[in-house]
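Remarks on the overall topology
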Amino acid sequence: MLALEFLTWWYGQGWLRRWEGIVTYAHKITQAFSIRILARTLFEPWRRIISYPGAGLSNHLKAMVDNLFSRLIGFFVRVIVIIFSGITLIFITLVGTCLALIWPLLPFIALALLIKGVF
Amino acid sequence: MQEQDMLNLRSLRAKKARLALKLSGSGSRVIIITMLGLAVLSALLFFASLDRIAYLTSAISLAVAIFVMWYRQDLLVLKSTDDSLDGQLTKEILGILKTGHINPQSVWISLSSNWQSQFFINRFLLAAQVIEQNLSGESADMPVIWDKAKQLASERTSPGIEVGHVVAALLLTSPQLQTIFTQSKLSKDDIEVVLAWLMRTVDASHAPKPYFGGIGRDWTTGFTPHLSEFGKNLSNTTENSGDHFDWLQKTPGVVAIKNALSQGAAGVALIGPPGIGKSSYIAALSNELAEEDEDRNLRHQQIISLSPSMILSRAKGSGEIEHTLMTIMGEASHAGHIILFFDDAQLFFHEGLGSFDITQVLLPVLQDSNLQLIFAMSPNDFQSLKANQSAFAAKLTPVVLAEPDEQSVMRVLEDTTLGMEYKRGVLITYDALRETYRLSGRYEQEMSFPGKAIQLLEEALPYANNGIVTAESIQQAIEQTRGVKAGSAAPVEADELLNLEDEIHKRMINQDRAVSVVASALRRTRAGVANPKRPIGSFLFLGPTGVGKTELAKSIAATYFKNESNIIRLDMSEYQQADDVKRLLAGSTDNTSLIMSVRERPFSVVLLDEIEKAHTNILNLLLQLLDEGQLTDIDGRAASFKDCIIIVTSNAGSQEIREHIARGEELETFESAFIDQLISSNQFKPELLNRFDEIVLFRPLNESELAQVVGLMMQEVNQTLSNQKIVIQLTDAAVAKIVAAGYDARLGARPMRRVLQHAVEDPVANEILSGQIKPGDRVNIDGPDLNL
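What counts, and where the lines are drawn
Residues numbered from 1 in each chain as written. Chains lettered and ligands numbered in written order. Predicted model: local features only at pLDDT ≥ 70, side-chain atom pairs only at ≥ 80, totals over all residues. Helix = DSSP H or I, 4+ residues; strand = E, 2+ residues; numbered from the N terminus. Rg over C-alpha atoms; globule rule 2.2 N^0.38 Å. Buried ≥ 20, exposed ≤ 12 C-beta atoms within 10 Å, placed from the backbone. Contact = placed C-beta atoms within 7 Å. Nonpolar A, V, L, I, M, F, W, Y, C, P; charged D, E, K, R; others polar. Core = buried A, V, L, I, M, F, W, Y, C linked by C-beta atoms within 7 Å. Pairing = 2+ DSSP bridges. Axes fitted to C-alpha atoms, helices over the stretch in contact; angles between N-to-C directions. Expected span 1.5 Å × (residues − 1). Arc of directions from axis to C-beta. pLDDT = per-residue confidence, 0-100. Parallel < 35°, antiparallel > 145°, perpendicular 65-115°, else oblique. Left-handed = near helix turned anticlockwise from the far one by under 90°.

Another point: the overall build of chain A. When helices and strands are tallied, chain A shows five helices and zero strands. Scanning chain A from its N terminus toward the C terminus, one meets helices and strands in the order α-α-α-α-α. The C-alpha radius of gyration computed for chain A amounts to 26 Å, which surpasses the reference 14 Å derived for 119 residues by more than 25%, pointing to a less compact arrangement than a globule. Its C-alpha atoms put chain A at 90 × 30 × 15 Å along the principal axes. Sorting the 119 residues of chain A into buried and exposed places 8% on the buried side.

This is the structure:
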């Protein structure tokens, strides 16, 4: 009876959990890399390092360039992190999907390996 | 068997639970190591071209891996399935119960080693064997217990029936255990409170880790080198500590602060007395803001707490303090997403030792900056700020924190206890927590709940006996740190109370009626019949001078509080002016005031002599004292009189009492009419007389009673001389002569002491000095010997 219980779980709740696991891991990666925060602040200056213009046009221009540079750094750092998190997300999703697809076959694979070993 | 029909231990779920239990601990580790070993071996065998063996080991390794996944994701989790009993019980119960004869005793024996059972054992300090011996061995008793456990689980919306629910059900349904609990002054409610505490601990251990924003959160904020030097990031602290503030986050205090900040308040004044937990509220708020992502205005805001003492101690002068603060404010404003929290904010609001007025620096920040500030302060400090810096105070949105109720304080104490136990390696019992709440509430007036309760609990840790903190440890702590005798909260034992009249009569002559009335009232209090929120007893003693009113007060102190000096005596003739109230209620400035005396000696008889001479304001205070069991000093701090016996004496109506007695009437016959007369003649207001537990009439002593008084006085003289082994004896004639000389209709027995000194003590003293009386002598004094 326990064997039947195992099979019921393996092809029922166990398999479902594999698919749910993909969503759970994707959510955790999204949180750990703060993708929503990074996307929302994509064009903000890096760590809010900004210059304030002094008197005169040249100072205004200098501050504008400095701030543009700060925003560029911020943009690149965030984009790199978003890209890296995206790659991680894709990798985890692929691995999770493969595992979920192969999941129902695993008992048969074990059986096949056993038969191949014996005979 | 009915219970076995209800609990199906042959169900698949029960079998899975037993399998999970067998594999738990080292069993599962062995399986995982075997699986990994076989996987490595398979790879090596393939590498060595031993394919057939490699296929075999791979097959076994994969099969074990499949089993491990089933074990970890299904057997270990074993969620509830249906409403049946075996579908609801957790695997810890199902796995350990054995099929066959199941009864309360066998269930307890099976579960007693589980940590949840130990939780009950430790909190109630009950031995497992005691519980076992007092549980039924009848299988027929099980359905009631299962029903109770189910009910307890569903009341707390638990996903299943935990070990704690079953143990609580065993304790709640056993009549024998209920008797033991009752003897320990514990009730069914206490068992349910401890169950709720246990289930909170279980829930906290299962709670998911809160999300604090990930790596990108800090990138939304600028660099803050100065701020980091003088401030502490509460958001990071709460994140790293892993403390849960779920309960506090939903309190009106935190919601009010959050609403104020969300609506753009430049500054929030967080107002509450010391100990109410202002810092904890802010820690809960920081948790809320870190987790919260709904409110756009507060999203990802971090709270940084500034330490006034650090800023003030590092600055060399006023200019430097202002400069440091301006730098910090500039940084915080520039960095964005920062809320500054000023703990002990009053140190920034006035000039003084260790404080500095920087309101002029902060005012522009409140007016123009986008920076939001929170100031924690006491109600008095906020009033002072409003009076002295009205423009600054007007910019603050006040959030007043209310002192939590008993249930909330107990909950805070319970949650704090687990951390203390872990850090200090002690065990704190449930009765210790109750005693902490009771005694801190009664004797700590400087702080508010829950801070004062936590402080007392911490102070009690060194008084743990064999690592166990009990109610006695709390009493010892409060005795040592506050100087009060908390241990004498149970001053006399029941059998002594039953014989209180005899005890008092060892020192008192006659006044049977007065002694009986007082003793009955004290017995009512001790038996728990009287109101615990009022003084132990309150009595108005009426009668002529020298009839034993003060002596009875002293006797009560000696018998009830075990010490005659536990008496606080005030002559109310010294409080005849309206301003005298201040003297009575002086706080720490006057150690002789009534308030301070009671704080020092809370277990005392408070004797207010000649009340009729006191000012009306004092009588009004007395109304409050008798009603509420407390008075508030001129600094606004309450002092408890709930452990005092209040005795008020008066000579009002003495002449009438004498006349009634002279006519041969007994006190009982004219008592009621006499009191009515006191009210109608405006000597006492009815509302005052009604507040006393008893109005006690004292009658004048007759000559035979006065002779007994002389006897008591002679006992005292002989007690004094006992170290010289000298005994003085008076003949009946001598006693009669002393009574005749010492009796005064107006002053009662009071002149007797002087007569005795003059007629007996003085001559005896002279003869001792001259050597006529030597140690070991027995001196008989007859009437003619007395020089009267």
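Below, the discussion takes up the overall build of chain B. Of regular secondary structure, chain B possesses 40 helices and 17 strands. Out of the 788 residues belonging to chain B, those deemed buried represent 40%. Here the contacts in chain B between residues at least 6 apart in sequence split such that 76% fall between residues at least 24 apart.

Quoted interface sizes are often the accessible area lost when the parts come together. On the side of chain B, 31 residues touch chain A, which itself brings 27 residues to the contact. For the side of chain A that touches chain B, the elements supplying multiple residues, two or more each, are helix H1 (2-11), helix H2 (13-32), helix H3 (35-40) and helix H5 (106-118) of chain A. A per-element tally of the side of chain A that touches chain B places H5(A) first, with eight residues. Counted by class, the side of chain A that touches chain B contains 16 nonpolar, six polar and five charged residues.

This paragraph deals with the nonpolar core. Residues and elements named next belong to chain B. Of all hydrophobic cores here, the largest spans 75 residues; its most connected members are Val 518, Ile 647, Val 696 and Val 710. When residues in this core are grouped by element, the largest group, six residues, is from helix H30 (residues 512-526). Setting aside residues up to four positions removed in sequence, Val 710 forms contacts with Val 735, Ile 738, Val 739, Met 752 and Leu 756. Judged by nonpolar contacts, the second largest core, of 65 residues, contains Trp 70, Leu 198, Ala 460 and Ala 477.

The subject of this paragraph is helix H26 (residues 451-460) of chain B. Residues and elements named next belong to chain B. Most of H26 sits out of view: seven of its ten residues are buried. Every buried residue of H26 is accounted for by Gly 451, Lys 452, Ala 453, Ile 454, Leu 456, Leu 457 and Ala 460. In the core, the buried residues of H26 are packed alongside helix H24 (406-424), helix H25 (430-443), strand S8 (468-469) and helix H27 (471-482).

To continue, consider the sheet that holds strand S11 (residues 605-609) of chain B. Residues and elements named next belong to chain B. Within the open sheet, the five strands sit side by side as S10-S11-S14-S9-S15. Their pairing is parallel. This sheet does not close on itself; its edge strands, each paired only once, are strand S10 (567-571) and strand S15 (694-697). Across the sheet, the mean angle from the axis of one strand to that of its neighbour is 20 degrees, orientation sign disregarded. One ladder, built from five bridges, connects S10 with S11; its direction is parallel.

Moving on, we come to the sheet that holds strand S3 (residues 302-306) of chain B. All names here are of chain B. With respect to topology, six strands assemble into an open sheet ordered S1-S3-S4-S5-S2-S6, the strand pairing being mixed. If you trace the sheet from one side to the other, it starts and ends with strand S1 (231-233) and strand S6 (396-400), each paired once. This sheet shows a mean twist of 25 degrees between the axes of neighbouring strands, independent of strand direction. Two elements, S3 and strand S4 (residues 338-342), share five bridges in a ladder whose sense is parallel. Note that in S4 the partner of Ile 303 across the bridge is Ile 339. Where helix H17 (residues 252-262) meets the sheet, its contacts fall on strand S2 (267-271), S4, strand S5 (372-377) and S6, and the angle it forms with S6 comes to roughly 165 degrees.

With that out of the way, let us pick up unusual backbone geometry. Omega for the bond connecting B:Phe449 with B:Pro450 falls within 30 degrees of zero, at 0 degrees, which places this linkage in the cis form. For B:Pro450, the location among the structural elements is in the loop between H25 and H26. Here the phi dihedral of A:Ser34 falls at roughly 50 degrees; this positive angle occurs in a residue that is not glycine. Locating A:Ser34 in the fold gives a position in the loop between H2 and H3. The class for A:Ser34 is buried, based on 26 C-beta atoms found within 10 Å. A positive phi angle, close to 60 degrees, is found at B:Lys725, a residue other than glycine. The residue B:Lys725 is located in the loop between helix H38 (703-721) and strand S16 (727-730) in this model. In this structure B:Lys725 comes out as exposed when scored by C-beta crowding, with 11 C-beta atoms within 10 Å.

Of note, B:Val648 is situated in strand S14 (residues 645-650). Assessed through the 27 C-beta atoms surrounding it within 10 Å, B:Val648 is described here as buried.

In this section: the pairing of S2(B). Residue and element names in this part refer to chain B. With five of five residues buried, S2 lies mostly within the body of the structure. Residues Gly 267, Ala 269 and Ile 271 of S2 are buried on one face, and the alternating residues Val 268 and Leu 270, pointing to the opposite face, are buried as well. Here five bridges tie S2 to S5, and the two strands are oriented parallel to one another. Bridging across to S5, Gly 267 finds its partner in Leu 373. By the bridge criterion, five bridges tie S2 to S6 in an arrangement that is parallel. Within S6, the position partnered with Gly 267 by the bridge is Leu 396.

Turning next to the environment of B:Ala63. All names here are of chain B. Mapping Ala 63 onto the fold places it in helix H4 (residues 51-75). Residue classification places Ala 63 among the partly exposed residues on the basis of 19 C-beta atoms within 10 Å. Taking the C-alpha atoms as reference points, Ala 63 and Leu 366, separated by 303 residues in sequence, lie 68 Å from one another.

Attention now goes to helix H34 (residues 616-628) of chain B. Residues and elements named next belong to chain B. Across its 13 residues, H34 extends 19 Å between first and last C-alpha, which sits within 8% of the 18 Å expected from 1.5 Å per residue. If you check which residues of H34 are buried, you get Ile 618, Leu 622, Leu 625 and Leu 626. Buried residues of H34, viewed axially, fall in a sector of 90 degrees; they line one side. Buried residues belonging to H34 abut strand S9 (537-542), helix H32 (580-584), strand S12 (630-632), S14 and helix H37 (686-691). Just downstream of H34, Gly 629 is the residue with a positive phi angle, here 70 degrees.

Attention now moves to the confidence of the model for chain B. Residues and elements named next belong to chain B. When pLDDT is averaged along chain B, the result is 87; 96% of the residues meet or exceed 70. Element-level pLDDT for chain B is lowest in helix H1 (residues 2-6), with a mean of 50, against a maximum mean of 97 in helix H11 (residues 163-173). In the predicted structure, residues 1-5 sits below a pLDDT of 50 and forms eight contacts with residues beyond four places in sequence or in another chain.

A word on the packing of helix H7 (residues 104-111) of chain B against H11(B). All names here are of chain B. Direction vectors running N to C along H7 and H11 enclose 140 degrees, while the axes themselves pass 11 Å from each other. As far as their axial angle goes, H11 and H7 are oblique. When you trace H7 past H11, the crossing you get is left-handed. Here Pro 104, Val 107, Trp 108 and Leu 111 of H7 lie close against H11, whose contacting residues are Val 163, Val 166, Val 167 and Leu 170.

This part takes up the packing of H38(B) against helix H40 (residues 750-770) of chain B. Residues and elements named next belong to chain B. Where H38 contacts H40, the two axes come as close as 11 Å, and the packing angle between them is 55 degrees. When the axes of H38 and H40 are compared, the pair comes out oblique. Crossing of H38 over H40 shows right-handed handedness. Residues Leu 706, Val 709, Val 710, Met 713 and Val 717 of H38 pack against Met 752, Arg 753, Leu 756, Val 760 and Glu 761 of H40. For the contact of H38 with H40, the class distribution of residues is eight nonpolar, no polar and two charged.

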